[in-house]
Amino acid sequence: MSVKTEEITALYVAEHDRLERQICRRVGCRATACDLVHDIFLRLWERATDRRGDEAAYLSRCARNAAIDHNRSERSRREFFVGMLPEQYAPDPVSPHEIVSARQEIKSIDNVLASLPKRTRHIFLLNRVHGKTFSEIAVAMGISQRAVAKHMAHAVAACVEAM
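The rules behind each value
Numbering of residues begins from 1 in every chain and follows the order in which that chain's sequence is written. In keeping with the model being predicted, local features are shown solely for residues with a pLDDT of at least 70 and side-chain atom pairs are shown and tallied solely at 80 or more, while totals for entire chains, interfaces and linings include all residues. Excluded from the side-chain calculation are hydrogens and water; included are all heavy atoms of the structure. Put simply, two rings from Phe, Tyr or Trp (the six-membered ring, in Trp's case) pair if the centres are within 6.5 Å, and we call them stacked under 30 degrees between planes, edge-to-face over 60, tilted for the rest. To qualify as a helix, a DSSP run of H or I must reach at least 4 residues; to qualify as a strand, a run of E must reach at least 2; elements of each kind are numbered from the N terminus. Side-chain atoms within 4.5 Å are what join buried Ala, Val, Leu, Ile, Met, Phe, Trp, Tyr and Cys residues into a set we call a nonpolar core. Each residue is placed in one exposure class: buried if its accessible area under a 1.4 Å probe, protein chains only, is under 20% of its type's maximum, exposed if it is over 50%, and partly exposed if it falls in between. Multiplying 1.5 Å by the residue count of a helix minus one yields the expected span of that helix. By construction, the arc corresponds to the directions joining the helix axis to the C-beta atoms. Note on definitions: a residue-residue contact is assigned when non-hydrogen atoms from the two residues lie within 4.5 Å. Defined by distance alone, a disulfide is two cysteine sulfur atoms within 2.5 Å.

**Focus: the packing of aromatic side chains**
Link 1 in the chain: Scanning the model with the defined rule gives one aromatic pair in all.
Link 2 in the chain: Ring centres of Tyr12 and Phe41 lie 4.9 Å apart, and the angle between their planes is 80°; on these two criteria the pair is classed as edge-to-face. Note that Tyr12 is positioned in helix H1 (residues 3-27) and Phe41 in helix H2 (residues 30-46), a separation of 29 residues in sequence.

Shown next, in the form of structure tokens:
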């Protein structure tokens, strides 16, 4: 073991319990306090230099700062979730019954679309799938907007009837 590792190990053994109690008083959870103490010593080991001074005071300051940072992040996490609306939560998982039902509905819509006249089906798909406006469809197909509206009304009525 290196000298650095031995010094930090000795410091860990000597100060761990005291730091854990100190942090536990601030955060209210012994497991969190233990994790924060481990984080402190890990950072200490990563940044170990020849420090001169009171190591206990330095570790106490680190413990105090770690507890403050933890409480701050927990508070901000709680405030974030308090401000969330029910619509922002992940949706409930879809049941197998809902999946089968949706597939049956899609199949019935496919059958309805297949039974429509070719021109009506094409107009419906241009509008609902490709997002084209009635005027764009009218120009592309060389018909009036009123004709496009009639074809769309017929297709939508057929879909609604199938549902």
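**Thoughts on the nonpolar core**
Link 1 in the chain: Counting residues in hydrophobic clusters, the biggest one holds 16 residues, and the most contacted among them are Leu19, Ile23, Ile40, Phe41 and Leu59.
Link 2 in the chain: For this core, the secondary-structure elements that each account for two or more residues are H1, H2 and helix H3 (55-82).
Link 3 in the chain: Counting residues in each nonpolar core, the second largest holds 14 residues, with Ile123, Ile143, Ala155 and Cys159 among its members.

**Quick look at helix H7 (residues 145-162)**
Link 1 in the chain: For H7, which comprises 18 residues, the first-to-last C-alpha distance of 26 Å matches the rise-based estimate of 26 Å (1.5 Å per residue) to within 8%.
Link 2 in the chain: Three or more residues of H7 are buried, namely Val148, Met152, Ala155, Ala158 and Cys159. Projected down its long axis, H7 carries its buried residues within an arc of 125°, all on one side. Seen from the buried face of H7, the exposed residues on the opposite side, beyond 90 degrees, are Arg146, Lys150, Val160 and Glu161.
Link 3 in the chain: Buried positions along H7 lie against helix H4 (96-115), helix H5 (118-128) and helix H6 (134-141).

**Looking at the state of the cysteines**
Link 1 in the chain: Taken as a whole, this structure holds zero disulfides when the rule is applied.
Link 2 in the chain: Of the cysteine sulfurs around Cys29, a residue in no disulfide, the closest is that of Cys24, at 7.0 Å.
Link 3 in the chain: For Cys29, a relative accessible area of 31% gives the class partly exposed.

This is a description of form; function is not addressed.
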